[in-house]
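Chain by chain, the residues:
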Amino acid sequence: MIDTTTKIASLKLRNPTILASGIMDEDAGSMKRIFDCGASAVVTKSIGLESRAGYPNPTFAELEHGILNAMGLPNPGINEFEGEIRKLKDSNVPMIGSIFGSNSHEFVELSKKMQNYGVDALELNMSCPHAKGYGLETGSDPKLVREITSKVKESTNIPVFVKLSSNLTDIVEIAKAAEDGNADGIVAINSVKAMKIDLELKMPVLANKTGGYSGMAIKPIGIRCVYEIAKNVDIPVIGVGGVTTGEDALEYIMAGASAVQIGSGVYYRGVDIFKKICREMECWMENHNYTRLSELIGVAHK
Amino acid sequence: MIDTTTKIASLKLRNPTILASGIMDEDAGSMKRIFDCGASAVVTKSIGLESRAGYPNPTFAELEHGILNAMGLPNPGINEFEGEIRKLKDSNVPMIGSIFGSNSHEFVELSKKMQNYGVDALELNMSCPHAKGYGLETGSDPKLVREITSKVKESTNIPVFVKLSSNLTDIVEIAKAAEDGNADGIVAINSVKAMKIDLELKMPVLANKTGGYSGMAIKPIGIRCVYEIAKNVDIPVIGVGGVTTGEDALEYIMAGASAVQIGSGVYYRGVDIFKKICREMECWMENHNYTRLSELIGVAHK
Amino acid sequence: MNSPQIAKITEAKTENKDVKTFMFEYPKKMIPGQFFMIWIPGVDEIPMSVSYIDKDVKGITFRKVGEATNALFDLGKGDKIGIRGPYGNGFKINGKQILFVGGGTGIAMLAPAVEEAGINNISLTIIIGVKNSSELFFEDRFKKCGAEIHISTDDGSKGYKGFATDLADELLSKEKFTSVLTCGPEIMMKSLLDLCKNIPFQASLERYMKCGVGICSQCCIGEGLRVCVEGPVFDGKTLRNIEDFGVYKRDATGRKIRF
Amino acid sequence: MNSPQIAKITEAKTENKDVKTFMFEYPKKMIPGQFFMIWIPGVDEIPMSVSYIDKDVKGITFRKVGEATNALFDLGKGDKIGIRGPYGNGFKINGKQILFVGGGTGIAMLAPAVEEAGINNISLTIIIGVKNSSELFFEDRFKKCGAEIHISTDDGSKGYKGFATDLADELLSKEKFTSVLTCGPEIMMKSLLDLCKNIPFQASLERYMKCGVGICSQCCIGEGLRVCVEGPVFDGKTLRNIEDFGVYKRDATGRKIRF
Ligand SMILES: Cc1cc2nc3c(=O)[nH]c(=O)nc-3n(C[C@H](O)[C@H](O)[C@H](O)COP(=O)(O)OP(=O)(O)OC[C@H]3O[C@@H](n4cnc5c(N)ncnc54)[C@H](O)[C@@H]3O)c2cc1C
Ligand SMILES: Cc1cc2nc3c(=O)[nH]c(=O)nc-3n(C[C@H](O)[C@H](O)[C@H](O)COP(=O)(O)OP(=O)(O)OC[C@H]3O[C@@H](n4cnc5c(N)ncnc54)[C@H](O)[C@@H]3O)c2cc1C
Ligand SMILES: Cc1cc2nc3c(=O)[nH]c(=O)nc-3n(C[C@H](O)[C@H](O)[C@H](O)COP(=O)(O)O)c2cc1C
Ligand SMILES: Cc1cc2nc3c(=O)[nH]c(=O)nc-3n(C[C@H](O)[C@H](O)[C@H](O)COP(=O)(O)O)c2cc1C
Ligand code: FES
Ligand code: FES
């Protein structure tokens, strides 16, 4: 028997594939479906204090080698989102509540509510590549990252993960700041700031002009970030970015990730990508005589 | 007649395709060949004060959506390189001398020599994603970028371009620092820090572990950088990253680039990619009733 | 690739004071009931069903109801729009005798299905429900298909005075239909579903859409059913199991809005 | 994709005290004269010509001369190496009577060309030039092809005492060859080229390589001729126009090194 269970802080997962934030996770029904498709846990859409409609469309475009999006953190606001979480809680789906705010007060308020509603862990989104005032403005300042993380840790008692961007001069510095703030894990990477210009209309395709680049093209960037972070911090790392096959997932695991999140992969291989990837990982492990996924975590560092 | 000539500072180019630094430019013969293949100018390999063998092999690997390299700035040293430049000078090939150093003294010394040998412009490489002590360490500090640029400007009288990395929290800040230092143009982007792990060997493929990601996958990142820089500085921008077709080149032009550099494209389409891209651009312009390339520079900003 | 393709409007037709049809070259294969994401440059990108299906040419027919559709309404022949798609599943068209029930602008997207059923020699009955006779369009088109046409207006300005569902109730009790296909206000479709009992039923739903390709979950109903991928057409059995149907939709923030 | 494929060494053969042959599964089509980039994990990646060409199995034969080849020499059956390629152009094998001149390890990469020429019923003469008879390998292999074999040793320990070029000079004045194919020290090949005058000539060159795919320019000679793409085999006409040939190569820094 192949054992692909994994642990991130106190979170025990039946396999290492987690639904990434922002994909099929605006409502309980969608997240339930993804769980039924094999994901071991789901990260909610990033939720803020107030409702946000996000940017006008176009918010999405497929590119030659990946996906570009600028949703603009649409969300119904934390209070309205309670219903979705409570509903999902009834189905026993392991839930990681993703939140975004512009300062530690907001993060703390959101965290407490998320915890009360019943999520199993928190993901602090400090890395949205295109939402002004949120995302990168906080996530690129080590002091702020440390402060927000430690304030959230002080006011909650579930695992807290910090999600980082690759749009940083030094991602290790920020990961260490999160670790100093007592984060229980690092999630890397969010989508990469990018743009597509339509030649016929001679204008950016996205209404917000710039957006976040995700999918297969960014995997080598994500692998590098996870490798560098895992080498420099002692807390678990969750790898995100371009995971589309079981081999992609294993590459992240070898780079030092304890689990992976999958976003754009849902686009490329459908909602049952989670099952598919788990099967592919098991197959690879069988062919290579591994029985426990944990043996493979970080092996590329040796 | 379609006019694709372009101007960057005082540099007049017969077309907007320039050979990027590090590709087919270690010797006069190679650069001459690329010029004969249609490039309007060539950027030399980045040259330092002393000779460097670079990193051990593997220094190159093709990835699914781009190329990964960690050459490690191999170069024979500025004095030895004189011969190549003088030889190329005899062939009247417009030359941009790329140099790297760890401080302004080194950059100034290199710049003066390059100018003496006969290059038509300088490119200050402050953006190598993997060479310790050079590249990003200098290129991410606005004060250093400003200082190096202005010192080089003070001691030379040919156009000075500053080549930036996308591995920056805020590329606009660094571009502005270069502008403040009186740079005559900005070149963006260098390759993106990335990694590939081989699953069978469970180790990074590159001897240096991390490398620079280039080619088609990074184009949306390059376009975003050029767009943001062009919006915020008043000096010309040269776009680099994933230019493989005439349409790619036009996308950079619309984003605000006055010219493009081509590196990995040589791998994807051969050394005559320069001619091919020029033909494709002309074709597009003809079909869209444009006669002058200059009309298209930055149109996506309107 | 799911990225907008820029096309010129080759033909623009005003169907009535609020409804227009645009034709454009778009050579991809489509089936009735599928839709596009239509990019109105500088304004918005919105879902629009295909209303004309030819090999190389496709059409959309839309009502101006807000900013995007107003801006679209102001465009005309030669203007450029961005198009991606086709998206969604479309109708299954089979059986002997189909009852189509179109409410308001929903009529537009039923038209290609009616035409295809006509070509397949399926016997056609169609109920067109509008508020007022001035809102009617596509009547001639349906006639050409050999359809038996019933019109209902809220104000009695033409045909039956009252709701399309009442008219449907009458027809359903008189005639035997092998299936019912509908598009219109969700409340109407919900009532119709209740009337249909064992008759195979297909309804095309509208939900706020962003990606159109099944990743953003903006359009999801029930247990993660994506209107943009598994829909927009759902059968009666599925709809009976979805508590949202006819009850609420979500706005751009994801907040539930009661119909 | 030009990324190392990991293969297990399926067979290892010691050819002499410094030369080994490794076989591995590598089902890509190759022609004699082409080469691989061989990754010795944790050590280096170096160019190596193909010395055995079978449909599914290929081989390399190499001499230990430094860190990478020593490390490779220490590997054996079952060990893993990374392989990418095939790279380069390879030999053109045609005509009636070919003279092969192999100097030192250059003998290895000529072997598949000799075999192919044999299969095509081309008359074969081969000069093997080594310093000392203990360095010989592949003699039997050439015999099997029906080749007329001439051996030269610097010390006279076997065959002709002297340089392979002197032996070649003798043969060239006696017999009529339709072409000469060579691989060995560049100085030797250069002298041979001078001897060949109008006889079609092909020589396989060695240059320091990094990318192996024509972008880094590390291996370039003359006016940007990439030994890894346009080479490693060049014809006499091309070589006569390249001032570098037989004069200098470049080290890993790009600095010129005189032979
Ligand atoms: C699958 C599908 C097919 C459709 N086909 C047609 C058609 O053939 N003809 C037609 O006239 N209309 C059609 N619609 C409806 C059309 O998309 C809306 O009328 C249009 O988006 C309104 O935009 P607006 O800015 O003009 O109006 P707003 O003032 O912005 O809104 C008016 C209404 O349209 C809805 N709406 C706005 N943006 C969107 C969006 N991105 N996605 C979904 N709904 C939106 C709003 O929620 C609101 O209910 C279809 C919708 C869907 C989901
Ligand atoms: C196209 C080609 C085909 C070759 N085929 C064979 C073959 O079939 N059998 C064989 O024994 N040898 C072959 N060689 C030579 C082989 O690549 C070198 O012997 C090997 O790289 C030496 O590495 P090292 O670390 O053991 O020696 P070092 O001590 O590093 O160097 C010894 C010599 O090898 C050269 N060398 C080192 N690294 C490289 C490199 N990356 N590329 C090119 N030269 C290098 C050095 O410049 C030096 O001249 C070939 C070379 C080329 C270019
Ligand atoms: C449509 C879309 C919406 C996203 N929204 C969010 C979000 O709300 N919060 C967040 O932290 N990341 C968001 N992301 C980023 C993903 O969670 C993920 O980090 C990124 O897409 C890289 O992973 P992938 O290549 O598997 O998609 C979004 C990505 C996409 C494609
Ligand atoms: C093999 C290789 C070597 C490179 N060497 C250098 C270099 O020495 N100096 C430099 O400024 N950029 C170097 N680059 C970066 C390129 O100049 C260019 O910025 C980058 O590859 C993106 O462009 P591309 O996608 O067209 O390759 C190198 C890139 C490659 C692929
Ligand atoms: S519109 Fe995004 S999932 Fe349907
Ligand atoms: S080895 Fe790089 S060009 Fe030949």
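Some words on the relation of the copies chain A and chain B
Argument step 1. Rotating chain A by 180° and moving it 0.0 Å along the rotation axis overlays it on chain B with an RMSD of 0.0 Å. This pairing of chains is accounted for by a two-fold axis.

Concerning the site of ligand 2
Argument step 1. Within the structure, ligand 2 sits among 21 residues, and Pro47(D), Arg63(D), Ala68(D), Thr69(D) and Met209(D) are positioned closest to it.
Argument step 2. Of the chains in the model, those with residues near ligand 2 are chains B and D.
Argument step 3. At 2.9 Å from a nitrogen atom of ligand 2 is found a main-chain nitrogen or oxygen belonging to Thr61(D).
Argument step 4. In this structure, an oxygen atom belonging to ligand 2 sits 3.0 Å away from a side-chain N or O atom of Lys249(D).
Argument step 5. Protein contacts shield 80% of the accessible area of ligand 2, which totals 860 Å² for the unbound molecule.
Argument step 6. Elements that contribute at least two residues to the shell around ligand 2 include exactly strand E4 (44-49), strand E6 (57-63) and helix H1 (67-73) of chain D.
Argument step 7. The element contributing the most residues to the shell around ligand 2 is E4(D), with 5 residues.
Argument step 8. Looking at the shell around ligand 2 residue by residue, the classes come out as 9 nonpolar, 6 polar and 6 charged.
Argument step 9. Lining the shell around ligand 2 are residues from two domains, each supplying at least three of them: domain 1 (5-87) and domain 3 (206-259) of chain D.

Side note on the domain arrangement of chain C
Residues and elements named next belong to chain C.
Argument step 1. By domain assignment, chain C separates into domain 1 (5-87), domain 2 (91-204) and domain 3 (206-259).
Argument step 2. A C-alpha centroid distance of 22 Å is found between domain 1 and domain 3.
Argument step 3. Taken together, the 7 residues of domain 1 in the interface contact 9 residues of domain 3.
Argument step 4. Between domain 1 and domain 3, roughly 560 Å² of surface is buried when both sides are summed, and carbon and sulfur atoms account for 62% of that area.
Argument step 5. Counting across the interface, domain 1 meets domain 3 through 0 salt bridges.
Argument step 6. Linking domain 1 with domain 3 are 2 residue pairs in polar contact (both at pLDDT 80 or more), by the criterion used here.
Argument step 7. Contributions of two or more residues to the side of domain 1 that touches domain 3 are made by strand E3 (35-40), strand E4 (44-49) and strand E7 (80-87).
Argument step 8. A per-class count over the side of domain 1 that touches domain 3 returns 4 nonpolar, 1 polar and 2 charged.

Some remarks on the packing of helix H5 (residues 142-155) of chain B against helix H6 (residues 171-180) of chain B
Residue and element names in this part refer to chain B.
Argument step 1. For the pair H5 and H6, the least separation of the axes is 7 Å and the interaxial angle reads 30°. Classed by the angle they form, the pair H5 and H6 counts as roughly parallel. Viewed along their axes, H5 and H6 form a crossing whose handedness is right-handed. Residue-level inspection shows Pro142, Val145, Arg146 and Thr149 of H5 in contact with H6, the latter providing Glu173, Ile174, Ala177, Ala178 and Asp180.
Argument step 2. Split by residue class, the contact of H5 with H6 holds 5 nonpolar, 1 polar and 3 charged.

Scoring rules and cut-offs
Residues numbered from 1 in each chain as written. Chains lettered and ligands numbered in written order. Predicted model: local features only at pLDDT ≥ 70, side-chain atom pairs only at ≥ 80, totals over all residues. Heavy atoms only, no water. Least-squares fit on C-alpha atoms with pLDDT ≥ 70 in both. Near = heavy atom within 4 Å. Polar contact = N/O pair within 3.5 Å; in protein donor to acceptor, adjacent residues only side chain to side chain. Areas by Shrake-Rupley, 256 points an atom, 1.4 Å probe, with all protein chains shown as cover. Helix = DSSP H or I, 4+ residues; strand = E, 2+ residues; numbered from the N terminus. Nonpolar A, V, L, I, M, F, W, Y, C, P; charged D, E, K, R; others polar. Domains from an automatic or database assignment. Contact = heavy atoms within 4.5 Å. Buried area = accessible area lost by both parts, 1.4 Å probe. Salt bridge = Lys/Arg side-chain N within 4 Å of Asp/Glu carboxyl O. Axes fitted to C-alpha atoms, helices over the stretch in contact; angles between N-to-C directions. Parallel < 35°, antiparallel > 145°, perpendicular 65-115°, else oblique. Left-handed = near helix turned anticlockwise from the far one by under 90°.

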